[in-house]
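# Summary of structural features
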Amino acid sequence: MTKSYDYDVLVIGAGPGGYHAAIRAAQLGLKVACAEREKVGGVCLNVGCIPTKALLHAGEQIAAARHAADFGLTFGEQRMDIAKLNGWKDGIVKKLTGGVGALFKANKVTHLTGQASFVDDHTVRVGEQTVTAASIIIATGSEPAKLPGLDVDQESIVDSTGALVMPDPVPARMLCIGGGVIGFEFAHVYNNMGSKVKVIEFMPNVVPGADADAVKEFTKAMKKQGIEIAVQTKANKAEKKADGVHVELEDVKTGAKTVEVFDRVLVAVGRRPRTDGLNAEKAGVHVTDRGFIPADTRQRSNVPHIYVVGDVASNPMLAHKAMKEGLVAAEVIAGKPAEQDAVAIPGVVYTSPELAWVGLTEQEARDKGYEVKTGVFPLSASGRAMTLQQTDGFVKMVVEKDTDLLLGVHIVGPHASDLLGEAGLALEMAATASDIALTIHAHPTLGESVLEAAEAVHKQAIHIMNR
Ligand SMILES: Cc1cc2nc3c(=O)[nH]c(=O)nc-3n(C[C@H](O)[C@H](O)[C@H](O)COP(=O)(O)OP(=O)(O)OC[C@H]3O[C@@H](n4cnc5c(N)ncnc54)[C@H](O)[C@@H]3O)c2cc1C
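In this text the structure is predicted, and so the values were computed from the model without any measurement.

### Overview of the environment of Ala-68
- When you line up the elements, Ala-68 lands in the loop between α3 (49–67) and α4 (82–106).
- Since its relative accessible area comes to 4%, Ala-68 is described here as buried.
- Along the backbone, Ala-68 and Gln-389 are 321 residues apart, and their C-alpha atoms lie at a distance of 9.0 Å.
- Once residues within four sequence positions are removed from consideration, Ala-68 is found in contact with Leu-73, Phe-75 and Gln-389.

See below:
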């Protein structure tokens, strides 16, 4: 006799992973509920991808207005209505989260409001109700990691959520602790808004995971814009005083300590998986010491009917990875032959220029035993980049020497994130550099730089000297 449950699928968390899973499961004819204790849309829509991109765009308009003088266009005195800026950003978030709510309704996904905690492996308490489900998808996401000695008050010492609220006036001196994606995106926002920004990073290199040459090109561009970058530097503690936040910085090579004063300090030292209050152990679900709930390639946890997707499952903590995993979990539950087997997951820092990559870095390819060839096309040779006043950056292609097989694409430049679509498809289709070079790209476009990087692999790029 089969047991009957309230739902075929209960999804816990309505972030990118959770709402994708819930909607796809409903599309496949399953009876679905999605439990959320805060707002639908999760981190990405409410306090992550979307609001940061809104602020980045606003900051870039300020910089663009300044650079317009180069071609004879000057505007009046710049005035910033901070309340309006924050309101505009919040409006976008509201529209998009409202959209997710509407999609739930349209797809007949029941939205349950409240904290979800397991009672047993088929039963979950959500707020005041108790529901049962045949399959359960955990999509509880992640939260900012803390730094001892730096207590976040969301005013003068903030995490990424606090940093999204632009203070009035804009802080004169800003410190970003952590030279990862989030640290640099905020550094770029505040720098364009008029703050004097310093980024510190504990490791010898910023943006871990990106190609070393690309990182070099990227940091050169960031420094040119006035952002100060100190690597192998850590923040030990911070003290709030009348004239600002006094932060003790330490050079990790020499141990030398200095105190610097800032008006706002951002702690962006990584994120931790979030399982608080979930009571996963009551369902027999394994949680690692670091708080992750590991999944196999079909997104199953150690309990066969309990699935896990997104930031809580594994790194990289990226929205598009969470979304794909959500779809896989839903499809597996519906009996489809789905699996998470992407060749590559793209990564992007949405600064200007952007730093974007997909596939293997040159070093990773060598470490894996490939003999590699690379091709680089600088944007200084791109007609389109010149017309956009954005010639800092390049496209670098990493290719297997004998087979010409594409292994990775690394881009520093405007709209690099949009150019990754082509590169990702090429990787998934096992394209060679020749396949890309043989494809007619529209002229003049930034996409041509991808073509010319492929030509550069063969020392046949037209718009540069091939050495
Ligand atoms: C500032 C910032 C910028 C970012 N920018 C980008 C970007 O540009 N591109 C990108 O790809 N990624 C970006 N990210 C990362 C991206 O936001 C995450 O990878 C993504 O949100 C993960 O989705 P998720 O569904 O796994 O979890 P989350 O988005 O974290 O959602 C989990 C949801 O579960 C809910 N929840 C948790 N526990 C329970 C419980 N017990 N009961 C009920 N509900 C619960 C939470 O309230 C939350 O809404 C950014 C992150 C930050 C912080």
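### A look at unusual backbone geometry
- Omega for the peptide link from Ser-352 to Pro-353 comes to 0°, which places this bond in the cis form.
- With respect to the helices and strands, Pro-353 occurs in the loop between β18 (347–349) and β19 (354–359).
- Of note, the amide linkage connecting His-443 to Pro-444 takes the cis form, showing an omega dihedral of -5°.
- Among the secondary structure elements, Pro-444 is positioned in the loop between α12 (433–438) and α13 (447–457).
- Although it is not a glycine, Gln-232 adopts a positive phi angle of roughly 50°.
- One can find Gln-232 in the loop between β11 (228–231) and β12 (233–241).
- Of note in the backbone geometry, Gln-299 takes a positive phi value of approximately 70° without being a glycine.
- Along the chain, the position of Gln-299 falls in the loop between β16 (271–273) and β17 (306–308).

### Overview of the pattern of salt bridges
- All chains considered together, the criterion is met by 19 salt bridges.
- For Glu-228, the salt bridge goes to Lys-198, with nearest N and O atoms at 3.3 Å. With a gap of 30 residues between them, Glu-228 in strand β11 and Lys-198 in strand β10 (residues 196–201) connect regions that are remote in the sequence.
- Take Glu-228: its relative accessible area is 36%, and that puts it in the partly exposed class.
- With relative accessibility at 7%, the residue Lys-198 sits in the buried group.
- Between Lys-224 and Asp-392 there is a salt bridge, with its nearest N and O atoms 2.9 Å apart. With Lys-224 in helix α7 (residues 212–224) and Asp-392 in the loop between α10 (383–387) and β21 (394–400), this residue pair connects regions lying 168 residues apart in the sequence.
- Under the relative-accessibility criterion, Lys-224 is labelled exposed at 61%.
- We classify Asp-392 as partly exposed; its relative accessible area is 27%.
- Linked through salt bridges whose partners overlap, the residues forming this network are Asp-211, Asp-213, Glu-362, Arg-366 and Lys-396.

### Quick look at the domain arrangement of the protein chain
- Entries for the protein chain in the domain assignment read domain 1 (7–144 + 272–334), domain 2 (157–269) and domain 3 (347–458).
- Inter-centroid distance (C-alpha atoms) of domain 1 to domain 3 is 30 Å.
- On the domain 3 side, the residues contacting the seven residues of domain 1 number four residues.
- Summed over both partners, the interface of domain 1 with domain 3 comes to about 470 Å²; 60% of that surface belongs to carbon and sulfur atoms.
- Along the lines of polarity and charge, the residues of the side of domain 1 that touches domain 3 split into three nonpolar, one polar and three charged.

What counts and what doesn't
Residues numbered from 1 in each chain as written. Predicted model: local features only at pLDDT ≥ 70, side-chain atom pairs only at ≥ 80, totals over all residues. Heavy atoms only, no water. Helix = DSSP H or I, 4+ residues; strand = E, 2+ residues; numbered from the N terminus. Buried < 20%, exposed > 50% of the residue type's maximum accessible area, 1.4 Å probe, protein only. Contact = heavy atoms within 4.5 Å. Salt bridge = Lys/Arg side-chain N within 4 Å of Asp/Glu carboxyl O. Domains from an automatic or database assignment. Buried area = accessible area lost by both parts, 1.4 Å probe. Nonpolar A, V, L, I, M, F, W, Y, C, P; charged D, E, K, R; others polar.

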